[in-house]
Amino acid sequence: MAKPQKHSKPQKHSKPHGRNDLKPKTKSSKKLKKPKQKQPQLPPPPPPAPELLTTASQQLQFFIQQYQSANRIQLSSLELESFTDACIVKLSESIPQDVNHLSEHMKASFGSSWKEALCKKQLPGKSCEPGSPTLLTISLSALRSLELFRGLKAFTKECPAAKLFAKHMKVEEQVSCLKNHVNVACGTPSRIKKLIDMEALGLSRLSVLVLDMHTDVKGYSLFSIPQIRDEFWELYTTHFHQRLLNGSLRICLYSTIDASNFRRRMKGKSEDDE
């Protein structure tokens, strides 16, 4: 009797290895990149130290530079010889140059004659041109002129000072004021020139011209606002330049002057003109 045949179990066919059969690599098998370390940021460099002009010689050179630049001229060596350090009022470096100390600086500028020149009324028997101050301040705005006016209040108890600016002041009122004896006047270039041209403001007694170098919050000053600057230099050239050269007038550049600020502004102005 034949033995029953044993059926062999079907063989399992191995599947071809594909990508899905590869074991995924664990994170530990990858090389971790070290994060780049940020370089520490260096603090910005400090601003350059201000180039303050304190000596009469430095201020005179600065004034001449501004004069030449504004008028687009180059003075000859002979013309430059007419400018001396005596043209500039030398202020004390130990006293701040602000509104509160303006009267103190002006006393020193006039020396022993300051009371007669700045405070006294016209003396009987002495002829004096009315409306001719001995001290005149020029500022970039009416508001700043008023501040300087208040800084000179100590001189105005006997003889009132004149306000020579346009804001809230009519020309007729200023002409009326200048018909009297005046020692001190404060104003802006445009109105001062107008009153001189009208022969209301006299210059026969003028000995100190204060140019306010104060810089406002926007960085503007008497020499940097184009319209005000041009009005001033027209006034100066017409009425003050020759008096400065012949020694009858001195200029006081009042407030701290940082030459680097002016130099940057003049550079920007020259680039705009090209």
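Please refer to the structure higher up on the page.
Report on the accompanying structure. (Residues numbered from 1 in each chain as written. Predicted model: local features only at pLDDT ≥ 70, side-chain atom pairs only at ≥ 80, totals over all residues. Heavy atoms only, no water.)

## What about the overall build of the protein chain?
Counted only if it meets this: Runs of H or I in DSSP of at least four residues are treated as helices and runs of E of at least two as strands, each being numbered from the N terminus. A simple rule labels every residue: compare its accessible area, found with a 1.4 Å probe on the protein chains alone, to the largest value its type can have, and call it buried under 20%, exposed over 50%, or partly exposed in between. Contacts between residues were defined by any pair of non-hydrogen atoms, one from each residue, lying within 4.5 Å. For accessible areas, the Shrake-Rupley method is used with a probe of radius 1.4 Å. Any residue's cover is judged against the shown protein chains and nothing else.
In terms of helices and strands, the protein chain carries 9 helices and 5 strands. When burial is assessed residue by residue, the protein chain has 39% of its 274 residues classed as buried. Put simply, 72% of the contacts in the protein chain that link residues at least 6 apart link residues at least 24 apart. Of the roughly 18,400 Å² that the protein chain leaves accessible, carbon and sulfur atoms contribute 53%.

## Brief notes about the pairing of strand E4 (residues 208-212)
Rules: Strands are labelled as partners when DSSP assigns at least two bridges between them. With the strands pointing away from the viewer, any crossover whose connection runs clockwise from the first strand over the helix to the second is right-handed.
For E4, the tally of buried residues reaches 5 of 5 residues, placing the bulk of the element in the interior. Direction of pairing for strand E1 (residues 135-138) relative to E4: parallel, over a ladder of 4 bridges. Each bridged residue has a counterpart across the sheet, and for Thr137 the counterpart in E4 is Val210. Where E4 meets strand E5 (residues 250-254), 5 bridges bridge the pair, whose relative direction is parallel. Bridge assignment links Val210 to a residue of E5, and that residue is Cys252. The β-α-β motif built from E4, the intervening helix H8 (residues 226-245) and the parallel element E5 has right-handed crossover chirality.

## Overview of the nonpolar core
For clarity, the threshold we go by: Within this scheme, the nonpolar core is defined by two criteria: the residues are buried Ala, Val, Leu, Ile, Met, Phe, Trp, Tyr or Cys, and they are joined through side-chain atoms within 4.5 Å.
In terms of nonpolar packing, the biggest core is built from 43 residues, with Ile138, Leu211, Tyr236 and Phe240 touching the most fellow members. Taken together, the elements giving at least two residues each to this core come down to helix H1 (56-71), E1, strand E2 (162-164), helix H7 (189-197), E4, H8 and E5. In terms of residue count, the dominant contributor to this core is H8 (7 residues). Residues contacting Tyr236, with those up to four places away along its chain left out, are Phe63, Tyr67, Phe83, His241, Leu244 and Ile251. Val99, Ala117, Leu118 and Phe155 belong to the second largest nonpolar core, which has 21 residues in total.

## What about the pattern of salt bridges?
Put simply, the rule is: Salt bridge criterion: a side-chain nitrogen from Lys or Arg within 4 Å of a carboxyl oxygen from Asp or Glu.
This structure, assessed with the given rule, holds 6 salt bridges. The salt bridge partner of Asp212 is Arg144, with a shortest N-O separation of 2.7 Å. Of the two residues, Asp212 sits in strand E4 while Arg144 sits in helix H5 (residues 142-151), which places them 68 residues apart along the sequence. Given a relative accessible area of 0%, Asp212 falls into the buried group. Salt bridges sharing common partners tie together Arg144, Glu147 and Asp212.

## Details of the sheet that holds E5
Put simply, the rule is: Lines fitted to C-alpha atoms define the axes, with helix axes restricted to the stretch in contact, and inter-axis angles between N-to-C directions lie between 0 and 180 degrees.
Sheet architecture is open: 5 strands sit in the order E2-E3-E1-E4-E5, paired in parallel fashion. Only two strands of the sheet have a single partner each, and these edge strands are E2 and E5. The sheet shows a mean angle of 20° between the axes of neighbouring strands, direction not considered. Where E1 meets strand E3 (residues 184-187), 4 bridges bridge the pair, whose relative direction is parallel. Looking across to E3, one finds that Leu136 is bridged to Ala185. Where helix H3 (residues 102-110) meets the sheet, it contacts E1, E4 and E5, and its direction lies at approximately 155° from that of E5. Across the sheet, H5 touches E1, E2, E3 and E4, and the angle it forms with E3 is around 155°.

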